[in-house]
Amino acid sequence: MKKPNIAILGATGVVGREITKITEELNIEFDTIKFLSSARSAGSKIEFKGKEYTVEEATPEIFEGIDIVMASAGGSTSQKFAPEIVKRGGIIIDNSSAFRMEKDVPLVIAGVNDEDLRQHKGIIANPNCSTSQLMLVLEPLNKKFGIKRLIVSTYQAVSGAGLAAINELKDDTEANLAGKDFENKCFKKPISFNVIPQIDVFCENGYTKEEMKVVNETKKILHLAPETPISCTAARVPVFNGHSEAVDIEFASKVEPDEIREILNNAYGVEVMDNPDNFEYPTTRDASGVNPVFVGRIRKNLAFDNGISLWCVADNLRIGAALNTVRICKKVIEMGLWGK
């Protein structure tokens, strides 16, 4: 069987390097592979499957003959190169927010709404990191009980804002402990020993863009009715890696916590860690560097009829970005949706 020619766009970034690692872990089959970046990073070396590759500058012409591009290079870069990739017969699996809410672009979590991939016209969008981990939890529950109302509070690691943000947490913490002044640049407030209730810019309705991504992307991925009430509060916390979420769900039918545990125990990509008596519940340290979305603190919600509250944690660089991108690539290949 013919194998695709693939490329990783933004290969030298935090997520791009994770995509490279997971492409090897999942043993993605390909004929050729290219690692692409901006002119600034071109010429650097990347080790992949025991072989050294030179990173090449991304130009329109370099996508000639490329079947699948896994991109994590920012929205403006994706908007620039996506038309070039598509017109050359390729597919771009894009990590940015540039195309997520476009009507003709499938927004996909592998293992949740794979059939939506069949609708692609050359562009496939990877959801926001905080949405991604949530969908693996909500999809099997929505299928069984029907989601009537949803409230999500996210506690997001600095790695979601890139390498500079990781370094800022480290440097700010060291300065704080030493009693020295520190000028924060990545965040509007100091991040060390702090919680910042803002991720991205504010919208007219008082919510941030990050919060509205969770609202709108959840409805699109799960095919919920547009009027389904969903609310989100997103906060940045002084954690290097791993997003946590407190989730309150009201279902259309009666549900018990034990039913939720049973369903999630058998759900794709989910691992239940829920024994509070023995202090067993997931934390970001449990999730960092591994693939599952961990769920715990499953209990009856005291404010909603037919309500459940739970806590979920995942590695935001993996399931929130790189892992889902590579899983989508694998699905596209398995479903024969490339090279047409």
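The coordinates are above.
Quick caveat: nothing in here was measured; it's all calculated off a predicted structure.

Visitor: Any chance you could explain the sheet that holds strand 8 (residues 123-125) here in plain terms?
Guide: Sheets are built from strands paired through backbone hydrogen bonds, the pairs being either parallel or antiparallel. Strand order across the open sheet formed by 6 strands is 5-2-1-6-7-8, with parallel pairing between neighbours. The outermost strands of the open sheet, each flanked by one partner alone, are strand 5 (56-57) and strand 8. Bridge analysis of strand 6 (residues 68-71) against strand 7 (residues 91-94) gives 4 bridges, and the strand direction is parallel. Note on strand 7: the bridge partner recorded for Val69 is Ile92. Here helix 2 (residues 75-87) sits on the sheet and contacts strand 1 (6-9), strand 6, strand 7 and strand 8; the angle it forms with strand 7, its principal contact strand, is near 155°.

Visitor: Please explain the sheet that holds strand 14 (residues 307-314) as it appears in this structure.
Guide: The strand order across the open sheet built from 6 strands is 10-9-11-14-13-12, with neighbouring strands paired in mixed fashion. In the strand order of this sheet, the two ends are held by strand 10 (230-236) and strand 12 (270-272), each with one partner. For this sheet the average axis-to-axis angle between neighbouring strands, irrespective of direction, equals 20°. For strand 13 (residues 293-300) and strand 14, the ladder comprises 5 bridges, and the chain directions are antiparallel. Bridging from a neighbouring strand, Arg299 pairs with Ser309 of strand 14. Running at roughly 25° to strand 11 (residues 243-251), helix 3 (residues 129-145) makes contact with strand 9 (147-156), strand 11, strand 12, strand 13 and strand 14 of the sheet. Strands in contact with helix 6 (residues 257-265) are strand 11, strand 12, strand 13 and strand 14; relative to strand 13, the strand with the most contacts, it is inclined by about 165°.

Visitor: Where do I start with helix 2 in this structure?
Guide: Since there are 3.6 residues in each turn of an α-helix, residues three or four apart along the chain are aligned in direction. Taking 1.5 Å of rise per residue, 13 residues should cover 18 Å, and helix 2 covers 19 Å from first to last C-alpha, within 8% of that figure. In the structure, helix 2 departs most strongly from a straight axis at Phe81, where the bend amounts to approximately 35° and where the proline Pro83 lies between one and four residues downstream. Buried residues of helix 2: Ser78, Phe81, Ala82, Glu84 and Ile85, and no others. Those residues of helix 2 that are buried lie in contact with strand 1, strand 6, strand 7 and strand 8.

Visitor: Got a minute to help me understand the side chain of Glu217 in this structure?
Guide: By the secondary structure assignment, Glu217 is in helix 5 (residues 209-222). Glu217 gets classed as buried once you look at its relative accessible area, which sits at 2%. Only 3.4 Å separates the side chain of Glu217 from the side chain of Arg100, close enough to count as a polar contact. Beyond its immediate stretch of four places on either side in the chain, Glu217 contacts Arg100, Met101, Leu107, Pro127, Asn128 and Thr131.

Visitor: Can you help me understand the pairing of strand 10 in this one?
Guide: Looking along a regular strand, one sees the side chains alternate between the two faces of the sheet. Among the 7 residues that make up strand 10, 5 are buried, leaving the element largely enclosed by the rest of the structure. One ladder, built from 7 bridges, connects strand 9 with strand 10; its direction is parallel. By the bridge assignment for strand 10, Thr154 is matched with Ala234.

Visitor: Help me understand the packing of aromatic side chains in this model?
Guide: Pairs of aromatic rings are described using the distance from one ring centre to the other and the angle between the two planes. Under the defined criterion, the tally for this structure stands at 7 aromatic pairs. An aromatic cluster of at least three residues, connected via ring pairs, comprises Phe30, Phe35, Phe48 and Tyr53. It is Arg149 that lies over the ring of Phe304; its NZ or CZ is 5.7 Å from the centre.

Visitor: Looking at this structure, how should I read unusual backbone geometry?
Guide: In this structure, His223 takes a positive phi of about 55° despite not being glycine. Following the sequence through the fold, His223 ends up in the loop between helix 5 and strand 10. A residue is classified by how much of its surface remains accessible, and His223, at 56% relative accessible area, is exposed. The backbone of Asn306 shows a phi angle near 50°, a positive value even though the residue is not glycine. When you line up the elements, Asn306 lands in the loop between strand 13 and strand 14. For Asn306, a relative accessible area of 27% puts it in the partly exposed group.

Visitor: I would appreciate a short explanation of the side chain of Glu139 in the present structure.
Guide: With respect to the secondary-structure elements, Glu139 resides in helix 3. Those residues in contact with Glu139, other than ones at most four positions away along the chain, are Val112 and Leu222.

Visitor: Explanation requested: the pattern of salt bridges in the structure shown.
Guide: Here the idea is simple: oppositely charged side chains can pair when their charged atoms come close. Within the structure shown, the criterion is met by 17 salt bridges. Measuring nitrogen to oxygen at the nearest pair gives 3.9 Å for the salt bridge that ties Glu256 to Lys300. Residue Glu256 is located in the loop between strand 11 and helix 6, and its partner Lys300 is located in strand 13; the two are separated by 44 residues in the primary sequence. Among the residues examined, Glu256 registers a relative accessible area of 32% and is labelled partly exposed. Assessed through its relative accessible area of 39%, Lys300 is described here as partly exposed. What emerges from the salt-bridge pattern is a single network uniting Glu18, Lys21, Glu25 and Arg318.

Rules used throughout
Residues numbered from 1 in each chain as written. Predicted model: local features only at pLDDT ≥ 70, side-chain atom pairs only at ≥ 80, totals over all residues. Heavy atoms only, no water. Pairing = 2+ DSSP bridges. Helix = DSSP H or I, 4+ residues; strand = E, 2+ residues; numbered from the N terminus. Contact = heavy atoms within 4.5 Å. Axes fitted to C-alpha atoms, helices over the stretch in contact; angles between N-to-C directions. Expected span 1.5 Å × (residues − 1). Bend = angle between axes of the 7 residues up to and from the residue. Buried < 20%, exposed > 50% of the residue type's maximum accessible area, 1.4 Å probe, protein only. Polar contact = N/O pair within 3.5 Å; in protein donor to acceptor, adjacent residues only side chain to side chain. Phe/Tyr/Trp six-rings, centres within 6.5 Å; stacked < 30°, edge-to-face > 60°. Lys NZ or Arg CZ within 6 Å of the ring centre and 35° of its normal. Salt bridge = Lys/Arg side-chain N within 4 Å of Asp/Glu carboxyl O.

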